[in-house]
Amino acid sequence: MATIQGFHSMDSLRTAEQIELLDLVDSLRAEGLSEFTALPQLIVCGDQSSGKSSLLEAISGVPFPRKDNLCTRFATEVILRRASVSEIRVSLVPGKSRPLADQDRLCLFRHEVTSLEDFATLFEQAKDAMGLLSVGGNAFTEDILRVEISGSKQPQLTIVDLPGLIHSHNKHQTERDVELVTRLVAKYMANPRSIILAVVSAKNDFPNQIVLKRAREVDPQGLRTLGVITKPDQLVSGSGDEKIFLSLARNEQVEFHLGWHVVRNLDSSDQDQDRDIVETQFLAESNFRSLSAAHLGIAHLRQRLSVVLFDQIRAELPRLIEDIEAGILSCRHGLEKLGPARVTLDDQKNFLVDLSDDFQSLCAAAAKGDYEHKFFADQSQFDRRLAAMIANRGMDFEEQIRTEGAQWKIVEGRSKRKSHRTRAEAVEDVLELLKKSRGRELPGLPNPLLVGEVFRQYSQPWENLARQYIEDVWNTTKSFIEQALQYLADTTVSDALLRHLLDPIMDERLKLAYAKLNELMAVHKEHPETRNHYFTDRFNALQRKQYLAKTTRMLQDAFERHGTMTGDDVPHLLASLRENTEVDMDLIAAESTFNAMEAFYKVAMTLFIDNVPNLVVRAIIASSLPSMFCPKSVFAMNPDLVKKIASETEEKSLQRQEISDRLRALEAGNDLCKQYAGYSFANSQAGEIDRLGVNRMVSFE
């Protein structure tokens, strides 16, 4: 901490109209919100040696190192704050990829600044602390040097100086350095609330300067990019290059919504001169004087930045508030999942009781199809709606049994498909089976056990279809349990609950479901038995249909032979019917057996379609879900199991603390935003009342 005499005030970056919003953003940053959500700021980007650091010094007054060769090796955040006491705080923000030991060491870095000259040693010591000066050390780093400058005339503003973009690697800058700088700059530029100062040096052709391409990638319409041309004094007056850069400055070559600006900074040959005087003289005498004065010189640039930053903050404030509120909800849900601190066995058991109560309520709602809870709100996660998932799979199962449940499908004509048979072919198969199953039955009567044997052949697919149905419902239920636990608790607790409690229960439920299915299938493996009158009705209907078909064929043949017929022909027709009566007693028995099987198949299929969903799926898997993990089951747990599930590591304690700190910062930021919104609304209302009052007085006069 230090007091600096004669420090650059930057009054141009602060007006009465803007001070409210700038104060708000500064307050949000002071609450630590910049660690959790993007806040408006100015970032200075450009290729290496494009004059970024000189530009930033001219804007902020901080004397950044300026050399023609490589100098900016890390991001430097200059945070300007308005305060009654002038002081400077210096700190390092370690990159997240650093080991924890290095992070702790860098967090302790401090450097006292008592004069402007101290900044030169500050940057050198920062490089040393980051390991950039050691032999074999990296040329660049993700660490950040943060300089917080407070003063009565300072604006509330953050400006970031970034390492220059590198075109290609060399012996001093490796491919890793190129990637690191590109990634670092891209991260800052991608912040939608950042104003990008794209610095372009007039010493090099602007199409070859990467910064313009990078700016277009993150800001395609150029809405938040302001181009800055540096080193215009390096152009030969009247040359083609000068004309090109004049066209660029007029926003004709690369168009930005915020336009372009031209500054002339000091170089190594005129370091002892007054910067502003040198710039003013150059701009007044060069061909750049043809541009609008508002787009020339550092003083006008500060004024433009003040307006641009104000507009950006005002435009982004609603989305910033939305981000803050979303972050608050996320933190609260994260804390709910982690639960309270759990040190003692009672703490752990109380936590599980509360968790099981929530889980039971969620499961009961899912099983009943009550989807009011926000857990079910996301339509893309339809598999959370358990009752709907099970009902839909049940309808699919019914359709499968009806269309795929029979081993062979009876069709009218011949088919090449192995699963298709004509009725005549099916009866022929039954006839062959009948001959192999003869007992002591009379001729024309089938073996009583034959209907059951044919039925078992035809219903053979039932078991596999039912097993797949049960497995699918079981997997759906298991997936629901996992999602519910992950929603209600953190990963450690949910995984422990699944591993030690719920997975074994679900495995046992699957075994019970298969055992119940075996019971249902065992009934159909015995001699068919039913009291359902539909069997008799169906059997008689099939018999009549068969007799009617034979009679119809005989009558059609008779009409085709005789043409017209009279009443005298009736005796001949009856005689023909008697003559055509089937004399093959085995065939009669086979047809009767097949009809009986068909009739029983319909009755048994209807029963099976009801029994599997109700007696297996619903009774064993779905309905028992809420009782698997409930307060009663928690009280029955032994202490060792409670500890396995509910104890927490030091890592979880730290995570809870981090989320709590983030929540406090977000809530504080949210309160500030609401206060600002209320204050702005009150001011606008007061202004409206004053305006109306004046109008009334004028009209009265």
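Residues numbered from 1 in each chain as written. Predicted model: local features only at pLDDT ≥ 70, side-chain atom pairs only at ≥ 80, totals over all residues. Heavy atoms only, no water.

### Concerning the overall build of the protein
- Within the protein, the regular secondary structure consists of 22 helices and ten strands.
- Split into buried and exposed, the 701 residues of the protein put 46% on the buried side.
- The contacts of the protein with a sequence gap of at least 6 include a subset with a gap of at least 24, amounting to 78%.
- Element-wise, carbon and sulfur atoms account for 51% of the exposed surface of the protein, whose accessible area totals about 36600 Å². (Helix = DSSP H or I, 4+ residues; strand = E, 2+ residues; numbered from the N terminus. Buried < 20%, exposed > 50% of the residue type's maximum accessible area, 1.4 Å probe, protein only. Contact = heavy atoms within 4.5 Å. Areas by Shrake-Rupley, 256 points an atom, 1.4 Å probe, with all protein chains shown as cover.)

### A few points about the pattern of salt bridges
- Within the structure shown, the criterion is met by 17 salt bridges.
- Among the ionic pairs, Glu-279 bridges to Arg-275, the shortest N-O distance being 2.9 Å. In this pair, Glu-279 and Arg-275 both sit in helix 8 (residues 275-285), four residues apart, roughly one turn of the helix.
- In this structure Glu-279 comes out as buried when scored by relative accessible area, which is 4%.
- Across the pair Arg-402 and Glu-398 runs a salt bridge, and its minimum N-O distance is 3.3 Å. Within this pair, Arg-402 and its partner Glu-398 are both found in helix 11 (residues 386-404), separated by four residues, close to a single helical turn.
- Classification of Arg-402 as partly exposed rests on a relative accessible area of 45%.
- Exposure remark for Glu-398: the relative accessible area of 30% places this residue in the partly exposed category. (Salt bridge = Lys/Arg side-chain N within 4 Å of Asp/Glu carboxyl O.)

### What to know about helix 6 (residues 210-218)
- Buried within helix 6 we find Ile-210, Val-211, Leu-212 and Ala-215.
- The inward-facing, buried residues of helix 6 contact strand 1 (41-46), helix 5 (175-190), strand 6 (194-201), strand 7 (225-230) and strand 8 (260-262).

### Overview of the packing of helix 10 (residues 345-368) against helix 14 (residues 462-488)
- As a packed pair, helix 10 and helix 14 sit with axes 10 Å apart at the nearest point and diverge in direction by 135 degrees. What the angle tells us is that helix 10 and helix 14 run oblique. As helix 10 packs across helix 14, the resulting crossing turns out to be right-handed. Taken together, the residues of helix 14 that come into contact with helix 10 (itself represented by Leu-355, Asp-358, Phe-359, Leu-362, Cys-363 and Ala-366) are Phe-480, Ile-481, Ala-484, Leu-485 and Leu-488. (Axes fitted to C-alpha atoms, helices over the stretch in contact; angles between N-to-C directions. Parallel < 35°, antiparallel > 145°, perpendicular 65-115°, else oblique. Left-handed = near helix turned anticlockwise from the far one by under 90°.)

### Things to note about the nonpolar core
- One finds Leu-352, Ile-470, Phe-480, Ile-481 and Phe-629 to be the most contacted residues of the largest nonpolar core, which totals 79 residues.
- It is helix 18 (residues 585-622) that provides the largest number of residues to this core, a total of 17 residues. (Core = buried A, V, L, I, M, F, W, Y, C linked by side-chain atoms within 4.5 Å.)

### So, the pairing of strand 7
- Within strand 7, six of the six residues are buried, which leaves the element mostly enclosed by the surrounding structure.
- Burial along strand 7 is two-sided: the residues Thr-225, Gly-227 and Ile-229 and Leu-226, Val-228 and Thr-230 are all buried.
- When strand 7 meets strand 8, the two strands line up parallel, connected through three bridges. Across the sheet, the residue bridging to Val-228 is His-261, located in strand 8. (Pairing = 2+ DSSP bridges.)

### With respect to the side chain of Gln-483
- By the element assignment, Gln-483 lies in helix 14.
- Assessed through its relative accessible area of 13%, Gln-483 is described here as buried.

### Comments concerning the confidence of the model for the protein
- Scored by pLDDT, the protein comes out at a mean of 78, with 75% of its residues at no less than 70.
- Confidence, expressed as mean pLDDT per element, reaches its minimum in the protein at helix 22 (residues 650-700) with 60 and its maximum at strand 8 with 95.
- The low-confidence segment residues 684-701, where pLDDT is below 50, has zero contacts with residues more than four positions distant or belonging to other chains. (pLDDT = per-residue confidence, 0-100.)

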